Amino acid sequence: MSGSRKTVNPLPPPQSFIGNLSVPPAPAREAGFLMGGRVRYSQFAKGYRTGLEPVLMAASIPARPGETVLEGGCGAGAALLCLSARIPDVHGVGLESDPETQALAEQNIHNNLLSGGIPKLRILQAHLPAIPRSLRALTPTANGRFHHVMANPPWHSPSGTPSPDSRRRLALSAETTAPEEWIRALTKWVLPGGTLTFVLSTAVADRACQTLLENGCGSIQFYPFWPKAGREAKLVLVRAVHGGRGIFRLRAGLVLHEADGRFTPAAERVLRDGEALPED
């Protein structure tokens with residue numbers, strides 16, 4: 001999952017967790033919260049940091065209780081956890097290639113379970129665009145597809161200066177796979193009439209649309225995230241419907257920050273209060 005450098009609502013001061021000294025130590029972790037404290041969330045103390053994108057993406061998914069959601073490149077589980085907090089009866093599966101990040105996501109899911117609760121979120125190791133056939137066993141629908149698919153694929157140019165941290169490089173850089181390869185793979189896992197949602201750089205949004213259309217998806221919508229009023233949007237949420245035939249729609253989007261850098265009231269309602277993205 002790609003992300004910005006802005007960390008969402010961390011819990012100060014961080015608590016570090018170090019593994020047993022008799023074995024190679026696990027990466028140090030920081031404990032914090034998302035959505036104003038509704039989601040307990042730990043992340044690695046160094047390297048890739050969860051940004052705003054997974055929280056915004058989760059707020060956009062039009063899921064209903066009992067429906068299924070697949071996330072490609074789920075990282076430590078931020079988007080799935082935020083979606084589950086907003087719609088508790090959603091069943092979700094996340095795909096993550098890094099084993100340590102997968103383990104952290106599973107721990108985050110466990111930390112957010114109610115006492116005696118049964119996990120409705122699962123994490124499967126997979127390196128997109130390759131998706132293991134075993135995924136079909138994790139979805140309760142008859143044909144092994146999902147009602148909704150979402151992803152924040154790596155889109156940073158591989159020609160830029162690579163991050164020295166391997167985990168951050170994996171999350172952000174399109175060094176080995178382009179965003180459209182993720183999109184093409186994920187279109188095969190959504191039910192007819194289901195939605196596909198991607199948070200992308202505006203620089204690759206045109207390629208994303210072409211890939212969606214070429215793979216049987218339509219009714220495409222753009223939802224820009226404006227950094228401040230009057231500023232150019234660098235991030236856009238792209239939503240499509242599998243088999244959709246509706247016209248293209250450019251939504252009003254969401255202004256994230258006031259002139260002084262504070263979140264706008266509309267952004268606060270999404271990021272802190274757990275509301276869905278405003279559709280008007």
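Residues numbered from 1 in each chain as written. Predicted model: local features only at pLDDT ≥ 70, side-chain atom pairs only at ≥ 80, totals over all residues. Heavy atoms only, no water.

## Things to note about the pattern of salt bridges
Step number 1: All told, the structure shown has eight salt bridges when counted by the stated rule.
Step number 2: Arginine 239 is the salt-bridge partner of glutamate 279, the closest N and O atoms lying 3.8 Å from each other. Residue glutamate 279 is found in the segment after helix 7 (265-271), and its partner arginine 239 is found in strand 9 (residues 235-242); the two are separated by 40 residues along the sequence.
Step number 3: One salt-bridge network, in which partners are shared between bridges, spans Arg239, Arg251 and Glu279. (Salt bridge = Lys/Arg side-chain N within 4 Å of Asp/Glu carboxyl O. Helix = DSSP H or I, 4+ residues; strand = E, 2+ residues; numbered from the N terminus.)

## Structural notes on the nonpolar core
Step number 1: Within the largest apolar cluster, 42 residues are counted, with the highest numbers of intra-cluster contacts made by Leu56, Leu83, Met150, Phe225, Leu254 and Leu277.
Step number 2: No other element matches helix 2 (residues 78-86), which puts six residues into this core.
Step number 3: Excluding anything up to four places from it in sequence, leucine 277 contacts Leu56, Ala59, Ser60, Tyr223, Phe225, Leu237, Leu254 and Val270.
Step number 4: Among the nonpolar cores identified, the runner-up in size contains 31 residues, and Leu70, Ala151, Leu186 and Leu196 belong to it. (Core = buried A, V, L, I, M, F, W, Y, C linked by side-chain atoms within 4.5 Å. Buried < 20%, exposed > 50% of the residue type's maximum accessible area, 1.4 Å probe, protein only. Contact = heavy atoms within 4.5 Å.)

## Here's the deal with the packing of helix 1 (residues 53-60) against helix 2
Step number 1: At a closest axis distance of 8 Å, the pairing of helix 1 and helix 2 adopts a crossing angle of 40 degrees. In terms of orientation, helix 1 lies oblique with respect to helix 2. Where helix 1 crosses over helix 2, the two elements pack in a sense that is right-handed. Two secondary-structure elements touch here, helix 1 through Pro54, Val55, Met57, Ala58, Ala59 and Ser60 and helix 2 through Ala78, Ala79, Cys82, Leu83 and Arg86.
Step number 2: Among the residues forming the contact of helix 1 with helix 2, the class breakdown is nine nonpolar, one polar and one charged. (Axes fitted to C-alpha atoms, helices over the stretch in contact; angles between N-to-C directions. Parallel < 35°, antiparallel > 145°, perpendicular 65-115°, else oblique. Left-handed = near helix turned anticlockwise from the far one by under 90°. Nonpolar A, V, L, I, M, F, W, Y, C, P; charged D, E, K, R; others polar.)

## A short note on empty space enclosed by the protein
One way to see where empty space is left: roll a probe the size of a water molecule over the atoms.
Step number 1: In this structure the tally under the stated criterion is two cavities of 30 Å³ or more.
Step number 2: Counted as a void, the largest cavity has a volume near 50 Å³.
Step number 3: Looking at the largest cavity, the residues that line it are Ser60, Gln221, Phe222, Tyr223, Leu237, Arg239, Arg251, Leu277 and Glu279.
Step number 4: Breaking the lining of the largest cavity down by element, the ones donating at least two residues are strand 8 (217-228) and strand 9.
Step number 5: Of all the elements, strand 8 adds the most residues to the lining of the largest cavity, at three residues.
Step number 6: Here the lining of the largest cavity is built from residues that sort into four nonpolar, two polar and three charged.
Step number 7: A volume near 30 Å³ is recorded for the second largest cavity.
Step number 8: In this structure, the second largest cavity is lined by Met35, Val55, Ala58, Ala59, Cys82, Leu83, Arg86, Val270, Gly274 and Glu275.
Step number 9: For the lining of the second largest cavity, a count of residues per class yields seven nonpolar, one polar and two charged. (1 Å grid on protein atoms, 1.4 Å probe; cavity = no way out; pocket = protein on both sides within 12 Å on 5 of 7 lines; lining within 4 Å. Points joined across faces, edges and corners; volume = space filled by probe spheres on them.)

## Some points on the packing of helix 5 (residues 179-186) against helix 6 (residues 205-214)
Step number 1: Following both chains from N to C, one finds helix 5 and helix 6 inclined at 25 degrees, their axes separated by 9 Å at the closest point. Accordingly, the angle class assigned to the pair helix 5 and helix 6 is roughly parallel. Once helix 5 is placed against helix 6, the crossing between them reads as right-handed. Residues Pro179, Glu180, Ile183 and Arg184 of helix 5 form the contact with helix 6, whose own contacting residues are Arg207, Ala208, Thr211 and Leu212.
Step number 2: For the contact of helix 5 with helix 6, the per-class residue count stands at four nonpolar, one polar and three charged.

## So, the pairing of strand 2 (residues 39-44)
Step number 1: For strand 2, the buried fraction is high: five of the six residues fall into the buried class.
Step number 2: With six bridges connecting them, strand 1 (residues 29-34) and strand 2 associate as antiparallel partners. Residue pairing across strands places leucine 34 opposite valine 39, the latter belonging to strand 2.
Step number 3: Following strand 1, the chain reverses through four residues before pairing antiparallel with strand 2; methionine 35 in that reversal takes a positive phi of roughly 55 degrees. (Pairing = 2+ DSSP bridges.)

## Structural notes on the confidence of the model for the protein chain
Step number 1: Here the protein chain averages 87 in pLDDT, and 82% of its residues register 70 or above.
Step number 2: Low pLDDT, under 50, characterises residues 1-21; the predicted model gives this stretch 62 contacts beyond four residues in sequence or across chains.
Step number 3: Within the model, the stretch residues 167-174 combines pLDDT values under 50 with 37 contacts to residues more than four positions away or in other chains. (pLDDT = per-residue confidence, 0-100.)

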